[in-house]
Amino acid sequence: MTHSTRGLTQWLEQLERFCAQALSPDSLLGPYDAACERKRLAVAASFGLTGIQVALEHGGFGAPYSIKARLAQELASLDFGVSMAVINSQNVADDLSRWLPADVSKRWVPGLLSGELIGCTALTEPGAGSDFSAVTTHAVQTSDGWRLQGEKTWIINAKIADVFLVYAQTQPGTGAAGIAAFVVEAKREGFERSLDAFTSAAASSSTGGFSLQGYVARPDEMLHPPGQAFKRALESINGARVYVAAMCVGMLQASLRIAQEYGQRRQTFGQPLAQYQGWRWMLAEAAVDLEAAGALVQSAAQAIDQGNQSQDLAAKAKVFATRAAQRHLPALLHAMGAEGLRDSYPLLRHVAAAQVATLVDGSTEMLLERISKNLKKTG
Ligand SMILES: Cc1cc2nc3c(=O)[nH]c(=O)nc-3n(C[C@H](O)[C@H](O)[C@H](O)COP(=O)(O)OP(=O)(O)OC[C@H]3O[C@@H](n4cnc5c(N)ncnc54)[C@H](O)[C@@H]3O)c2cc1C
């Protein structure tokens, strides 16, 4: 099978093989181990998962966005953190191959595709989350390139990554217009990883932070110049909203199936739980929102693939799917009684992950702002 003929069915088979090899229930229980997470991403890479969308001419698979979103969904049904880790590393390979000249991007892209290198994208700082234009990590042009100074926090894969896409301010006081993006390597002088433990929610996403102290990025390591970086970041975040929504669909789908099966088995007062209307309506409510979230995700992914305006749909898909996950995952956990809390099921992990999903790549409030601005335009 050539790269270009790989369709959704073949991708799902690859994914199944990856899950069987690297996502045993035991390996998802923790405790967090950087070496294990690195190994897991290397296995994901060996199945092509870190190059899904990367163009064929750069060694990737050139799959459409909707396939990436579907794989993100299936992976998250087992573990949101792993899904985020794989997709974020693939995004770095995609961005580098898309925006840098081939002779520069080839320093990292083959390594990212093979799993030898791991990537991450760093916008957030201790003082700038939702308000990304307020980043204070700054880049000063010098004779040898750009000298970077600042701190990034809450970055997926930062605990284990080798290649960082770092957004930094080049002209303090200019906000979005002065922001540029640089490729930063963890192995070079001036880079220091944070020792902070961060969170056990989505621990397998290896979320962490780092600081840059006089780190020098060479002139050809500027990924996006000022004036373009902010726009490019928003474009990437738009796509990210849809796959995060897809991940919520995956978590809901898996949890609904697990609760439904449990309800057939578990007897109370002489009958299976599923015989009680009060019990099964909890699942029916989840099924309604799951269907709607899935349809929104599909429309938004299709709009991206067709090059249509997708900003509004992406925001709506993420608001709806994350809210559905926040509402129904705890209900499904509850529907299983104490059994739902067992670590051998993913439900408790999914509940915490849903909270992460509402924040990353645009919080619910930021998205509602975006949707209301679009209402003004169309009203
Ligand atoms: C596990 C995890 C992984 C992450 N991975 C990455 C990553 O890979 N790269 C990266 O760059 N970032 C990452 N983030 C950071 C994430 O993007 C931010 O958490 C998000 O942008 C929100 O920023 P904040 O947490 O600083 O919240 P704040 O911006 O401080 O907001 C706090 C709360 O106030 C609300 N709020 C803020 N402003 C307004 C307003 N104007 N009106 C109404 N409500 C408002 C927000 O919605 C939020 O609920 C990650 C976060 C987590 C938790």
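The residue count restarts for each chain, going from 1 along the sequence in the order it is written. It should be noted that, the model being predicted, local features are given only for residues of pLDDT at least 70 and side-chain atom pairs only at 80 or more, the latter also being counted only at that level, while totals for whole chains, interfaces and linings use all residues. Side-chain metrics rest on all non-hydrogen atoms present in the structure, leaving aside hydrogens and water.

Draft legend 1. Spatial organisation of the pattern of salt bridges. When a carboxyl oxygen of Asp or Glu is within 4 Å of a side-chain nitrogen of Lys or Arg, the pair counts as a salt bridge. Taken as a whole and judged by the stated rule, the model has 19 salt bridges. The residue R70 makes a salt bridge to E74 at a minimum N-O spacing of 2.9 Å. With a gap of four residues between them, R70 and E74 both fall in helix α4 (residues 65–78), about one helical turn apart. Only protein chains enter the calculation, and the probe is 1.4 Å; a residue is then buried if its accessible area is under 20% of its type maximum, exposed if over 50%, and partly exposed in between. We classify R70 as partly exposed; its relative accessible area is 30%. Ionic pairing is found between R232 and E235, a salt bridge with its closest N-O pair at 3.6 Å. Taken together, the positions of R232 and E235, both in helix α8 (residues 229–265) and three residues apart, correspond to about one turn of that helix. The network of salt bridges with shared partners includes R107, E185, R188, R218, D220 and E221. Helix and strand definitions follow DSSP, with helices as H or I runs of at least four residues and strands as E runs of at least two, each counted in order from the N terminus.

Draft legend 2. Structural context of the domain arrangement of the protein. Looking at the protein, the domain boundaries give domain 1 (3–117), domain 2 (120–226) and domain 3 (230–378). Taking only C-alpha atoms, the centre of domain 2 and the centre of domain 3 are 30 Å apart. Whether two residues are in contact is decided by their heavy atoms, any of which lying within 4.5 Å being enough. The interface is formed by nine residues belonging to domain 2 together with eight residues belonging to domain 3. Around 740 Å² of area is buried between domain 2 and domain 3 when both sides are counted, 82% of it from carbon and sulfur atoms. In this structure, the connection of domain 2 to domain 3 is made through zero salt bridges. Any pair of N or O atoms that falls within 3.5 Å is considered a polar contact. Within protein, one atom must be able to donate a hydrogen and the other to accept it, and sequence-neighbouring residues count only if both atoms are side-chain atoms. There are zero residue pairs in polar contact (both at pLDDT 80 or more) connecting domain 2 and domain 3. Throughout the structure description, domain borders are defined by an automatic or database domain assignment. The buried area of a pairing is the accessible area, by a 1.4 Å probe, that goes missing from both parts when the two are put together, added over both.

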